[in-house]
Each structure stands twice: as structure tokens, then as C-alpha cells.
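Spelled out from the first residue to the last, the chains are:
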Amino acid sequence: TVLQQLFKYVDADNSGFIDKEELSVALSLLGFRWLKEKQVNGIFDRADKNGDGIISMEEFMDEAPRTLKTNLVKLAKNNGGDMG
């Protein structure tokens, strides 16, 4: 799926998990530059359901749709469009 491909792209060190730094870089590359460290930490903490400090593929698959929808709509509005 697209989300699995995105996970592999975000997992820059190919560890099979996403850490906070990888998540932060990915969100910035997606154009979500308005997200501050506190917001990125909130997204990370929501996704990291078992609290082990890394995001697994399963955790990513659960959280990514919500995060992407919210921030893609904001990105569209910032760029003068409307996605939702």
C-alpha cells in the first residue's frame, strides 16, 4: 500500500521503525512546516501506542491516515485550495 511505501521512505535508517527525528524530517518534507516540535512530539506519542520510543509499521498504519488528512487539508488551505 501507499502507507507501507511511505513508512519505508520515512524509515531512513532501515531499522524497521520510525524514531522522532525521522518523523520530524518526513513531516517537513511533506510540506507540514508549521508543525512545531511540541506538535511533532504529540503526533509521535499518539502513534507510539506501546510507549517504546519508536513507531512500528502497525502503529504507523493506525495513526498516519489521521495525521495526513488533518495536515493535507491545512496544506491545501495554506495554498489557496480546499480538500475537504
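Residues numbered from 1 in each chain as written. Predicted model: local features only at pLDDT ≥ 70, side-chain atom pairs only at ≥ 80, totals over all residues. Heavy atoms only, no water.

Novice: So, the overall build of the protein: which residues are in play, and what are the values?
Specialist: What the protein contains, in helices and strands, is 4 helices and 0 strands. For the protein, the α and β elements follow one another from N to C terminus as α-α-α-α. Taken against the 2.2 N^0.38 rule, which gives 12 Å for 84 residues, the C-alpha radius of gyration of the protein at 13 Å falls within 12% of a compact globule. Taken across its 84 residues, the protein has 35% of its residues classed as buried. Sequence-distant contacts, at least 24 apart, represent 48% of the contacts inside the protein between residues at least 6 apart. For the protein, the accessible area works out to roughly 5500 Å², and carbon and sulfur atoms hold 53% of it. When the 11 basic and 14 acidic side-chain charges of the protein are each reduced to a single mean position, those positions are 11 Å apart. (Helix = DSSP H or I, 4+ residues; strand = E, 2+ residues; numbered from the N terminus. Rg over C-alpha atoms; globule rule 2.2 N^0.38 Å. Buried < 20%, exposed > 50% of the residue type's maximum accessible area, 1.4 Å probe, protein only. Contact = heavy atoms within 4.5 Å. Areas by Shrake-Rupley, 256 points an atom, 1.4 Å probe, with all protein chains shown as cover. Lys, Arg positive; Asp, Glu negative; His and termini not counted. Charge placed at Lys NZ, Arg CZ, Asp CG, Glu CD.)

Novice: Which residues make up the pattern of salt bridges, and what values do they have?
Specialist: For the structure on display, the rule yields 1 salt bridge. A salt bridge links Glu63 to Arg46, with the nearest nitrogen and oxygen atoms 3.1 Å apart. Here the residue Glu63 occupies a position in helix α4 (residues 57-78), and Arg46 occupies one in helix α3 (residues 37-47), the gap between them amounting to 17 residues. (Salt bridge = Lys/Arg side-chain N within 4 Å of Asp/Glu carboxyl O.)

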